[in-house]
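Each chain, written out:
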Amino acid sequence: MKSKIIIAAISLSIVTVLTSCDEHDYVDLDLPSGTLWATCNIGASNPEDYGYFYSWGEVYPKRDYDWSTYKWCNGTKNSLTKYCSKPNCGAVDYVYDLDDDDDAAIHEWGSKWKMPTQDQFRELYRECYWVWTNSYKGSNVSGFIVYKAKNANLKGVKVLKNDVKSVRYSEWDDTHIFFPAGGLCLEVGYGDFGRSGGYWSRSLCVPAPNGAFYLSLDDNSLGIRVDEMYRYIGYSVRPVRNPEYSLFSIF
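This one's a predicted model, so the numbers in the text were calculated from it and none came from an experiment.

## Observations concerning unusual backbone geometry
Thinking step 1. Its identity is not glycine, yet D30 carries a phi of approximately 60°, on the positive side.
Thinking step 2. Along the chain, D30 falls in the loop between β3 (25-28) and β4 (36-38).
Thinking step 3. Of note, K137 is a non-glycine position whose phi angle comes to about 50°, a positive value.
Thinking step 4. Residue position: K137 is located in the loop between β5 (128-133) and β6 (143-148).

## Structural notes on the environment of N151
Thinking step 1. Among the secondary structure elements, N151 is positioned in the loop between β6 and β7 (158-159).
Thinking step 2. N151 gets classed as partly exposed once you look at its relative accessible area, which sits at 38%.
Thinking step 3. N151 sits 23 residues away from C128 along the chain, and the two C-alpha atoms are 9.7 Å apart.

## Things to note about the pairing of strand β13 (residues 224-230)
Thinking step 1. Of all the seven residues making up β13, six are buried; the element is thus mostly covered by neighbouring parts of the structure.
Thinking step 2. Here seven bridges tie strand β12 (residues 211-218) to β13, and the two strands are oriented antiparallel to one another. Of the residues in β13, the one forming a bridge with S216 is R225.

## Details of the pattern of salt bridges
Thinking step 1. Inspection of every chain in the model, using the stated rule, returns nine salt bridges.
Thinking step 2. Between E58 and K62 there is a salt bridge, with the nearest N and O atoms lying 3.0 Å from each other.
Thinking step 3. Accessibility expressed as a relative area gives 8% for E58, which makes it buried.
Thinking step 4. A salt bridge links D97 to R202, with the shortest nitrogen-to-oxygen separation between them at 2.9 Å. Here D97 is found in the loop between β4 and α1 (104-109), whereas its partner R202 is found in strand β11 (residues 196-204), with 105 residues between them in sequence.
Thinking step 5. In this structure D97 comes out as partly exposed when scored by relative accessible area, which is 33%.
Thinking step 6. Given the relative accessible area of 3%, R202 is considered buried.
Thinking step 7. Within this structure, D97, D100, D103 and R202 form a network of salt bridges that share partners.

## Points about the packing of aromatic side chains
Thinking step 1. Inspection of every chain in the model, using the stated rule, returns 20 aromatic pairs.
Thinking step 2. Taking 5.0 Å as the distance between ring centres and 80° as the angle between the ring planes, the aromatic pair formed by W109 and W113 counts as edge-to-face.
Thinking step 3. Judged by centre distance (6.3 Å) and plane angle (20°), the rings of Y230 and Y232 are stacked. The pair Y230 / Y232 is uniform in exposure class, with both members buried.
Thinking step 4. Cluster of aromatic residues (ring-pair linked, three or more members): W37, F121, W130, W132, F144, F179 and Y199.
Thinking step 5. Across the ring face of Y125, the terminal group of K158 is positioned such that the distance to the ring centre comes to 3.6 Å.

## Here's the deal with the pairing of β5
Thinking step 1. Burial runs high along β5: six of the six residues are buried.
Thinking step 2. The alternating pattern of β5 places C128, W130 and W132 and Y129, V131 and T133 on opposite faces, both of which are buried.
Thinking step 3. Across six bridges, the pairing between β5 and β6 is antiparallel. The residue of β6 that forms the bridge with V131 is I145.
Thinking step 4. Strand direction decides the pairing type here: β5 and β7, joined by two bridges, are parallel. Within the sheet, the bridge partner assigned to V131 lies in β7 and is V159.

## Observations concerning the sheet that holds β12
Thinking step 1. The strand order β11-β12-β13 describes an open sheet built from three strands, whose pairing is antiparallel. Only two strands of the sheet have a single partner each, and these edge strands are β11 and β13. When the angles between neighbouring strand axes are averaged without regard to direction, this sheet yields 35°.

## Section: a nonpolar patch on the surface
Thinking step 1. There is a patch of nonpolar side chains on the surface, built from V92, Y94 and Y96 and spanning about 290 Å² of accessible area.
Thinking step 2. Position of V92 relative to the elements: it lies in the loop between β4 and α1.

## So, the nonpolar core
Thinking step 1. In terms of nonpolar packing, the biggest core is built from 31 residues, with W56 and W200 touching the most fellow members.
Thinking step 2. If you list the elements that add at least two residues to this core, you get β4, α1, β11, β12 and β13.
Thinking step 3. A per-element tally of this core places α1 first, with three residues.
Thinking step 4. Listed in part, the 20 residues of the second largest apolar core include W132, A181, L217 and V240.

How each quantity is defined
Residues numbered from 1 in each chain as written. Predicted model: local features only at pLDDT ≥ 70, side-chain atom pairs only at ≥ 80, totals over all residues. Heavy atoms only, no water. Helix = DSSP H or I, 4+ residues; strand = E, 2+ residues; numbered from the N terminus. Buried < 20%, exposed > 50% of the residue type's maximum accessible area, 1.4 Å probe, protein only. Pairing = 2+ DSSP bridges. Salt bridge = Lys/Arg side-chain N within 4 Å of Asp/Glu carboxyl O. Phe/Tyr/Trp six-rings, centres within 6.5 Å; stacked < 30°, edge-to-face > 60°. Lys NZ or Arg CZ within 6 Å of the ring centre and 35° of its normal. Axes fitted to C-alpha atoms, helices over the stretch in contact; angles between N-to-C directions. Patch = residues over 30% accessible without salt bridge, like charges linked within 9 Å, V, L, I, M, F, W, Y side chains within 5 Å. Areas by Shrake-Rupley, 256 points an atom, 1.4 Å probe, with all protein chains shown as cover. Core = buried A, V, L, I, M, F, W, Y, C linked by side-chain atoms within 4.5 Å.

What follows is the structure, given as structure tokens:
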């Protein structure tokens, strides 16, 4: 488990938008799985908003983020009461993926939505073109724009804060989403706004079950990673939906 906490937030921008029947917009980035990504975080009214912060497996935001306030333990990282694969970490149940009742996306937006899996984050990492911006659409909100790749050579390309060599897309004119760099919630404080951010998956870190997988975003050296972090920390949630739930598209 990493001791250093790094957080990034990504801003979303959209050109090709699929409008869902339950009033939450999403984008088709032409991913192999067909996964459709929401344009906003849970609790956000637009792509630039950070939205709510959740501990992993909890469905309500809260004031204090610590092991002592975490729902699925008895106050410590080694006293897990659910989602546990190791006896030295708590009560073993061999459940490695969030139950629907513990998925913040389902709880807030309904059954057509879910929190992304670890594999869905990795697909987004591999298949899209990522560009850091200091001010998404003039909002002064920084984060990563995740573009639908125009060709195979651009898949997986990452343009970080100080990278001026990569060929950039035309501003806002291509299909994309935005992950704002909203930082994180830790204990009774908030940190790293504008420099980094984190987005929870629904996937447990099986080798170290007091952690779960998340998308880590950073403006510089560490860039973008799918990594694991302690479950009690407050991160953003970006829902996804499967293509069978889409009704129509606007081109």
